[in-house]
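Chain by chain, the residues run as shown.
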Amino acid sequence: MSAPRKTKAKGAGNVAHFKSLYVLVGFFYAFLYFPIIVLVAYSFNTGTRAMVWKGFGIDWYVKVFTNGAILDAAKNSLLVGLIATILATTIATAGALALARGGAFRGKGVSMGVMTLPLIVPEIVTAVATLMFFSAIGLNLGLGNLIIAHTVFCIPFAFMPIRARLEGMDTYMEQAACDLYATEWQAFRYITLPMMMPGIIAGATLSFVISLDDFIISLMVSSAGTTTLPVYIYSMIRNGISPEVNAISTVLFGVSLALVTIYWIASKPRK
Amino acid sequence: MAEIAVDVQNIVKHYGSFVALNDVSLSIQDNEFFTLLGPSGCGKTTLLRSIAGFEEVTEGKIFLYGEEIEDLAPHQRPINTVFQHYALFPHMTVHDNIAFGLKRLGKSQAEIDKTVKEMLALVQMEDFGNRRTNNMSGGQMQRIALARALAPKPKVLLLDEPLSALDLKLRQAMRDELQKLQRDTGITFIFVTHDQDEAMSMSDRIAVMSNGQVQQVGTPDEIYNRPKSRFVADFIGDTNIVDVTIEATDAKSTLYRSKGGVGLQVERATDLTVGAEISINVRPENVVIVDAGKGRADATLTHKSFFGRTSIYSMELNDGTLIKSRYSSRDELGRKEMAIGDSVGIDFAADTLAELTS
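Here is a short report on the structure shown in this document. Just so you know, the residues in each chain are numbered from 1, in the order the chain's sequence is written. Written order decides the labels, with chains lettered from A and ligands numbered from 1. Residues qualify for local features only when their pLDDT is at least 70, as the model is predicted, and side-chain atom pairs are given and counted only at 80 or more; totals for whole chains, interfaces and linings, by contrast, use all residues. Here the side-chain values reflect all heavy atoms present in the structure, with hydrogen atoms and water set aside.

**Re the overall build of chain A**
Selection rule: Helix numbering and strand numbering both begin at the N terminus, where a helix is a DSSP run of H or I of at least 4 residues and a strand a DSSP run of E of at least 2. Here the radius of gyration uses the C-alpha set of atoms, whereas the globule reference equals 2.2 Å times the residue count to the power 0.38. Burial status follows relative accessibility: with a 1.4 Å probe on protein chains alone, a residue under 20% of its type maximum counts as buried, one over 50% as exposed, and anything between as partly exposed. Contact between two residues is taken to exist if any of their heavy atoms lie within 4.5 Å; hydrogens are not considered. Note on areas: these come from Shrake-Rupley sampling with a 1.4 Å probe, and a residue is covered only by the protein chains present in the view.
Secondary structure assignment for chain A yields eleven helices and zero strands. Mapped from its N terminus to its C terminus, chain A presents α and β elements in the order α-α-α-α-α-α-α-α-α-α-α. Relative to a compact globule of 271 residues, whose C-alpha radius of gyration would be 18 Å, chain A shows 24 Å and is clearly more extended. In chain A, which comprises 271 residues, the share counted as buried stands at 39%. Within chain A, counting contacts between residues at least 6 apart in sequence, those at least 24 apart form 70% of the total. Carbon and sulfur atoms make up 71% of the accessible area of chain A, which amounts to about 15,800 Å² in all.

Structure, rendered in structure tokens:
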């Protein structure tokens, strides 16, 4: 018998043939997810030392949910996230409609750029600038300061999926509605808005996750009494890593994961 | 004379410096299947969209059953459109799609449900009311789009190349259905297409358009057998066009002379005067091949193409003009075989000739 023939000669260009790359992939996933797995696992540890396994239990979750300071921080995070999401999504929807359905107008390209620029500006720069701006104009609204700052940086995140959705919708739908006796407002209300809804949901979800996870800007802008969850977790770590941090981080991770899943489902193109 | 459904008067439409419609006038009659036919860019879709209200005309007037409508918004015109790509609302069921126009008109729920049911029956889609439109075939979406546009009982139905996205078999079946639908509903249909077969097989009358102008309006028979211009003759089907000068004419016959000097005597009077330079048109199926010296002119057979149902013979007149003759395979039975290079004569019935003045 001759040597075994290569049966998949047709698959030239298929990177799956480079077997050694699998090792790289393994490393990639290990570095990405191993720390998170460890964190989640140790959040169920009953011991008082963060990294010494004693036994399985939800003691630390009970502690987290009875800790007034953590609950206050979580409440702040949710409130800021919710209001900032509503404001940012509304503004982003209006912006996306103007750019996709507003015809040609002067400064259209610039508007698009200005809308998405915050995505590439280093967050620390935005954070410092926001802090200086607020103190310069003497703005002191407590949570209001945080809400304004969060709304601003959430807009581009809300804007992108909404715009992508609108780009894929041709105006024939609205024309068909007007042809069937709908006024322009009715065409918007019954056709445009429902059709762009998956984009709006995706944008809102993304905004909420970004707001919930934000640390740098929140650290700069928050003051006593307006601490958000990530800022509070950071302050806890400075006093040494407690298993409580593992538990609250796991909760935050779970919430984000759920929201990103919603985003992913909502932004999937319709068949 | 039947009532006029849509009266288009001297419509002009500019897009910047481009003239899409150049002084178009048309009268479309009540209960007529009327087709706007022409190559892409001829202005047929612009004209349709002007009637629907999606384009604002630069000049001119449009009347719908006597009422002036060119300044009304689309939703104020009792006209519905079947769009080229259907434009069915993907987030609604079939029922809600069809009910959309009725709801906007403020019909009662009971009436809406009744009409939707009738419309689904009309297009033979009774069981599809609760389905969504995303996974339907092209033919099914086409029917839903028709039902949706017909449900509000518009005074005129506009159809913007609705068959172009379907495959050949389905397209042919839908032609018959559209024609039947028009007869059953009694609604005036204005149909836009670039496909001459579609136009010929369905329409009561056709307007052939090119370069933003109407070239000719007539029944399919008139358009095909009595084209008035070179464009119309050439656009519809195969044809033979010869540039000629009228050399002599009297009450009973006319003598045409080609540029190359071939004379054609035809037993028919003409309205044109001696010396007029025109073109004459004879369809290949009307050209008969006879023995040399026995026809209206002599020619040499240069090519034969066999297509199964028909054969096309190409011949050259003595001045080099190419003439094509089409024979159905049935007519060829028992005819003597001809070889390339044979001398033949060509003949045609006098009334199959059309004079093209432009």
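**Observations regarding the environment of Ile-233 of chain A**
Residue and element names in this part refer to chain A. For Ile-233, the location among the structural elements is in helix H10 (residues 229-238). On a C-alpha basis, the gap between Ile-233 and Tyr-172 in space is 51 Å, while along the polypeptide they are 61 residues apart. Each residue touching Ile-233, except ones within four places of it in the same chain, is listed here: Val-245, Ile-248, Ser-249 and Leu-252.

**A word on the nonpolar core**
Condition: By nonpolar core we mean a set of buried residues, namely Ala, Val, Leu, Ile, Met, Phe, Trp, Tyr and Cys, connected to one another through side-chain atoms within 4.5 Å.
Counting 66 residues, the largest nonpolar core has Val-6, Leu-36, Leu-47, Phe-89 and Ile-190 of chain B as its most contacted members. When near neighbours in sequence (up to four residues on either side) are disregarded, Phe-89 of chain B contacts Met-173, Ala-176, Ala-177, Leu-180 and Ile-191 of chain A together with Asn-97, Phe-100, Thr-133 and Arg-148 of chain B. Tyr-86, Leu-88, Leu-157 and Ile-187 of chain B belong to the second-largest nonpolar core, a separate cluster that totals 35 residues.

**Considerations on helix H4 (residues 138-150) of chain B**
Residue and element names in this part refer to chain B. Quick reminder of the rule: An expected span of 1.5 Å times one less than the residue number is assigned to each helix.
Helix length check: H4, at 13 residues, gives a terminal C-alpha distance of 18 Å against a target of 18 Å (1.5 Å per residue), a fit within 8%. Of all 13 residues in H4, eleven are buried, a share of seventy percent or more. Buried within H4 we find Gly-139, Met-141, Gln-142, Arg-143, Ile-144, Ala-145, Leu-146, Ala-147, Arg-148, Ala-149 and Leu-150.

**Quick notes on the sheet that holds strand E2 (residues 18-29) of chain B**
Each strand in a sheet pairs with another by means of backbone hydrogen bonds, the pair being arranged parallel or else antiparallel. Residues and elements named next belong to chain B. Let me state the cut-off plainly: At least two DSSP bridges between two strands are needed for those strands to be called paired. To define axes, lines are fitted to C-alpha atoms, for helices over the stretch in contact only, and angles between the resulting N-to-C directions are given on a 0 to 180 degree scale.
Reading across from one edge, E2-E1-E4-E5 is the order of the four strands in this open sheet, with antiparallel pairing throughout. With one partner strand each, in any of the chains shown, E2 and strand E5 (67-68) form the two edges of the open sheet. Where strand E1 (residues 4-15) lies against strand E4 (residues 59-64), five bridges are found, and the strand directions are antiparallel. In the strand pairing of E4, Asp-7 is matched with Phe-63. In this fold helix H1 (residues 44-52) packs onto E1, E2 and E4, with an angle of close to 65° to the strand it touches most, E2.

**Quick notes on the interface of chain A and chain B**
What counts, and what does not: Put simply, buried area is the surface a 1.4 Å probe can reach on two separate parts but cannot reach once they are joined, added for both. We define a salt bridge as a side-chain nitrogen of Lys or Arg found within 4 Å of a carboxyl oxygen belonging to Asp or Glu. Only Asp, Glu, Lys and Arg are considered charged, only Ala, Val, Leu, Ile, Met, Phe, Trp, Tyr, Cys and Pro nonpolar, and every remaining residue, Gly among them, polar.
Counting residues at the interface gives 18 residues for chain A, matched by 26 residues for chain B. Taken together, the two surfaces of chain A and chain B that pack against each other cover about 2,100 Å², and 65% of this comes from carbon and sulfur. Of all residues in chain A, Asp-179, Leu-180 and Tyr-181 of chain A give up the largest surface area on contact with chain B, accounting jointly for 38% of the area buried on that side. Our count for the chain A to chain B interface comes out at zero salt bridges. If you list the elements that add at least two residues to the side of chain A that touches chain B, you get helix H7 (172-179) and helix H8 (184-213) of chain A. When its residues are assigned to classes, the side of chain A that touches chain B shows twelve nonpolar, three polar and three charged.

Geometry only, nothing functional implied.
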